[in-house]
Amino acid sequence: MKKMTLFLWMGLAGCLCAADSDRVEQWDFFELTLKGPSSGNPFVGVEFSAVFENAGRRFEPEGFYDGDGVFKVRFMPDAQGVWRYKTRSNYPELDGKEGQFVCTAPGPGNHGPVRVRNQYHFAYADGTPFFPFGTTLYEWPFQTEELKKQTLETLKQSPFNKARFLLIPPCKEHYVKGPNRLKEFAFVGDSRQTWDFSRFNPGYFRNLEWCVRQFRDLGMEADLIIFHPYDDGTWGFDRMDAATNEQYLRYVIARFAAYRNVWWCLANENSFLKYWTDADWDRMFQIVQERDPYGHLRSIHNADRIYDYNKPWVTHVSLQYYMAVRYLGISPMLRDMYQKPIVHDEINYEGNIPRRWGNISGEEMVFRFWSAYIGGAYATHGDCYGTSEDPTWISIGGRMQGQSPPRIAFLRKIIESGPSEGIDPIDYAFEPNIGGRAGEYYLIYFGREAMDRWTFRLPKKNLKDGMRFKAEVIDTWNMTIEPVQEVFEVRQKDAYTFADKDGRHIPLPGRPYMALRLQRVD
């Protein structure tokens, strides 16, 4: 896309208003840059936004101060055609500036932001299904350029299309002192004694934006963790007052909301933030809901106490509850409980560290992924090989060492080649290991059971005599799919199932982690 620069001279002190382009792809972003007041503290007391209109549609994103007297407002157009804008501000240099740009068709790979679809699933704004396959990279934005590039190269070869990471670094010893000491933070200053919580550090946020753009260009969603408890007062970011928290949140929304690949995670392990109440979290959610013009996905990650995901501002459940994926059938219960998409964002990590949460095997990680997806839910991976002196993928990125990623890639191909509406539990009270679309498509997962045969028997929902199904035997660990020659016909009922009257069965190899795929052929 050719870039042009639109110059609008303003009559005050020769100030320059520049738009980066007069042509913007749908779901990309338009950025308006203005010179404004730089004396005093421009982060405080300067109100700045712009109204964007097209064919009766109207949005008003909030602008932000980017340092050196520069103010910006970003806008993600969701419809093609001419968009007109006019700025609003309590400062004359920033007020009443008008212009327009043309929104063009989206380019390859641009499907727009992800939304909830079919109540329990997701799709991009253009209707393309999106099945989350996540990974965890908490601290990768705070690493060296070399390590960040290595992380991106690893992601290119991975099955993951979403990653979770922190917007504020955790307070670890190697970030506080030594050669890896962090030199830039969200606020001006370098320690708790010197922070100026009324002034942001724009360079710090530009680095985070670079990370979001890299994910966007890889086709990945950036699940941004806004707050976290991993400070314990050393830096004090976990103990900011309500006004500072709100100011920080609004600045984050103003800078990041126009990126189509953003998800909002209000916090990681929110209940470990000792000085926050549920009312505080309610208020933060409401600010995001009010200030984000585009309605990006919103959730919060729990610790020992679970936030009420039924609240209307929560779009999906971001859950740390590894027991839910250790047993088949719990994910469907959670769906019934919350009536929203379930994303198991922390199911423990494949690794070798001496901590309960960081030493499950590759087989167990793959089992938990299959358990989630069979139950109509989604899951997030983590790789935790190393020591405290040699941090792991979940912390700093780099390279993964575990055995699960290629098996997760295999599962992703199966899910994406299945029903576009997503996998739903079919009759989890009696058959918790069967998901799919009743009467059309079935995935049957045997998990840890080492079975040598499976009798053709399915939940009766939507089944009729005469339906015919082809079958395939799937080895989820060795990543093989073997077709079964026989075609199975539904012929006979019993109390809970349709069953082949002859009791025909499909041979299985007698080892764990096997599955079947049944697809209707008539």
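Structure: above.
All values derive from a computational prediction rather than experimental measurement. (Residues numbered from 1 in each chain as written. Predicted model: local features only at pLDDT ≥ 70, side-chain atom pairs only at ≥ 80, totals over all residues. Heavy atoms only, no water.)

**Q** Tell me what's going on with the sheet that holds strand β26 (residues 424-425), and back it up with residues and numbers.
**A** For sheets, the rule is that strands pair by backbone hydrogen bonds, running either parallel or antiparallel. Spatial strand order, β26-β27-β28-β36-β31-β32: six strands in an open sheet with antiparallel pairing. Lying at the two open borders of the sheet, with one neighbouring strand each, are β26 and β32 (480-489). Relative to strand β36 (residues 514-520), strand β28 (residues 441-445) runs antiparallel, the two being bridged by five bridges. Bridge pairing links Tyr441 to Gln519 in β36. Where helix α8 (residues 362-374) meets the sheet, it contacts β26, β27 (434-437), β28 and β36, and its direction lies at approximately 145° from that of β28. (Pairing = 2+ DSSP bridges. Helix = DSSP H or I, 4+ residues; strand = E, 2+ residues; numbered from the N terminus. Contact = heavy atoms within 4.5 Å. Axes fitted to C-alpha atoms, helices over the stretch in contact; angles between N-to-C directions.)

**Q** Summarise the side chain of Arg504; cite the residues concerned and give the values.
**A** Locating Arg504 in the fold gives a position in the loop between β34 (497-499) and β35 (505-507). Within the local environment of Arg504, its side chain forms a polar contact with the side chain of Glu486, the two groups lying 2.4 Å apart. Ignoring any residue separated from it by four or fewer positions in sequence, one finds Arg504 in contact with Thr455, Phe456, Glu486, Val487, Phe488, Glu489 and Arg491. (Polar contact = N/O pair within 3.5 Å; in protein donor to acceptor, adjacent residues only side chain to side chain.)

**Q** Give me the lowdown on unusual backbone geometry, citing residues and values where you can.
**A** The phi dihedral of Gln119 is positive, around 70°, even though this residue is not glycine. Its location among the elements puts Gln119 in the loop between β11 (114-117) and β12 (121-124). Residues other than glycine seldom take positive phi values, yet Gln339 does so here, at roughly 55°. Mapped onto the secondary structure, Gln339 falls in the loop between α7 (330-338) and β22 (342-346).

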